[in-house]
Amino acid sequence: MSAADHAVVGRPLAVALLGGEPALAQAAADHDVHLVVTDGSRGWTLLTPAGERHDGPAIEIDTVDATGAGDCFTGAYCAELDRGRSPLEAARFAAVAAGLSCTRPGARDGLPDRRAIESWLAAHPHPTPGTPEPTRTR
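From a predicted model like this one, the values you see are computed outputs, not experimental measurements.

Enquirer: Describe in detail the overall build of the chain, supporting the description with residues and values.
Expert: Looking only at helices and strands, the chain has five helices and five strands in total. Starting at the N terminus and ending at the C terminus, the chain contains elements arranged as β-α-α-β-β-β-α-α-α-β. With the principal axes as the frame, the chain shows a C-alpha extent of 40 × 35 × 25 Å. For the chain, buried positions account for 37% of its 138 residues. Across the chain, every contact between residues at least 6 apart in sequence was considered, and the portion connecting residues at least 24 apart equals 56%. Only carbon and sulfur atoms are counted for the fraction: they give 53% of the accessible area of the chain, which is about 7800 Å². Averaging the coordinates of the 12 positive side-chain charges in the chain and doing the same for the 18 negative ones gives two points 2 Å apart.

Enquirer: Break down the packing of aromatic side chains for me, citing the residues and quoting the values.
Expert: A complete count under the given rule lists one aromatic pair for this structure. Summarising the aromatic geometry, the rings of Phe73 and Tyr77 are spaced 6.4 Å apart at their centres and angled 15 degrees between planes, so their arrangement reads as stacked. You can see Phe73 and its partner Tyr77 sitting in helix H3 (residues 69-82), four residues apart, about one turn around the helix. Of the two residues, Phe73 and Tyr77, neither departs from the other in class, the shared state being buried.

Enquirer: Which residues make up the pairing of strand S3 (residues 44-47), and what values go with them?
Expert: Of the two faces of S3, the one holding Trp44 and Leu46 and the one holding Thr45 and Leu47 are both buried throughout. Across four bridges, strand S2 (residues 34-38) lies against S3 in antiparallel orientation. Pairing of Val36 across the sheet is with Leu46, part of S3. Here S2 folds back onto S3, and the loop between the two strands holds five residues, one of which, Gly40, carries a positive phi near 55 degrees. Pairing of S3 with strand S4 (residues 52-56), which is carried by four bridges, proceeds in the antiparallel orientation. From the neighbouring strand, Trp44 faces S4, where its bridge partner is Gly56.

Enquirer: Summarise the packing of H3 against helix H4 (residues 87-101); cite the residues concerned and give the values.
Expert: Following both chains from N to C, one finds H3 and H4 inclined at 145 degrees, their axes separated by 8 Å at the closest point. Classified by chirality, the crossing of H4 by H3 is right-handed. Of the residues in H4, those in contact with Ala69, Cys72, Phe73, Ala76, Tyr77, Glu80 and Leu81 of H3 are Pro87, Ala90, Ala91, Phe93, Ala94, Ala95, Ala97, Ala98 and Ser101. The residue makeup of the contact of H3 with H4, split by class, is 14 nonpolar, one polar and one charged.

Enquirer: A description of the nonpolar core should follow, citing residues and the corresponding values.
Expert: Counting residues in hydrophobic clusters, the biggest one holds 22 residues, and the most contacted among them are Trp44, Leu46, Phe73, Tyr77 and Ile117. Only S3, H3 and H4 provide two or more residues apiece to this core. At 10 residues, H4 tops the list of elements feeding residues into this core. Those residues in contact with Tyr77 that sit more than four places away from it in its chain are His6, Val8, His34, Val36, Leu46, Pro87, Ala90, Ala91 and Ala94. With nine residues, the next largest nonpolar core counts Ala14, Leu24, Ala25 and Leu35 among its residues.

Reading the values: rules and limits
Residues numbered from 1 in each chain as written. Predicted model: local features only at pLDDT ≥ 70, side-chain atom pairs only at ≥ 80, totals over all residues. Heavy atoms only, no water. Helix = DSSP H or I, 4+ residues; strand = E, 2+ residues; numbered from the N terminus. Buried < 20%, exposed > 50% of the residue type's maximum accessible area, 1.4 Å probe, protein only. Contact = heavy atoms within 4.5 Å. Areas by Shrake-Rupley, 256 points an atom, 1.4 Å probe, with all protein chains shown as cover. Lys, Arg positive; Asp, Glu negative; His and termini not counted. Charge placed at Lys NZ, Arg CZ, Asp CG, Glu CD. Phe/Tyr/Trp six-rings, centres within 6.5 Å; stacked < 30°, edge-to-face > 60°. Pairing = 2+ DSSP bridges. Axes fitted to C-alpha atoms, helices over the stretch in contact; angles between N-to-C directions. Left-handed = near helix turned anticlockwise from the far one by under 90°. Nonpolar A, V, L, I, M, F, W, Y, C, P; charged D, E, K, R; others polar. Core = buried A, V, L, I, M, F, W, Y, C linked by side-chain atoms within 4.5 Å.

Spelled out as structure tokens, the structure:
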């Protein structure tokens, strides 16, 4: 993790390699990395090097096939960072992409295009007024 600015890891692997919640937050700070921990239908957590914690939900969908959803999340997250979005915005976008990818069978056939993701986001805007401040983890 020390060689990266961002790491995306599924919760079971993250816990097995790094430990529980306090250890995950500490790893993000120690390695100066934005650590995104995905947890399937339970959502995701972004831990920042500054000690902030952001939790986000998975979108509610009827799952047909979850094959490749984690890869979809990671690819969408990296693509959005490359487009200049913040890690938090990228994680929110990636969660929608991963969720939509589960609505069709197959890892490749289920991948949504940008239009589908943006359409979902437009129909389900993230509330900004009154959004709570991120949780400090250290």
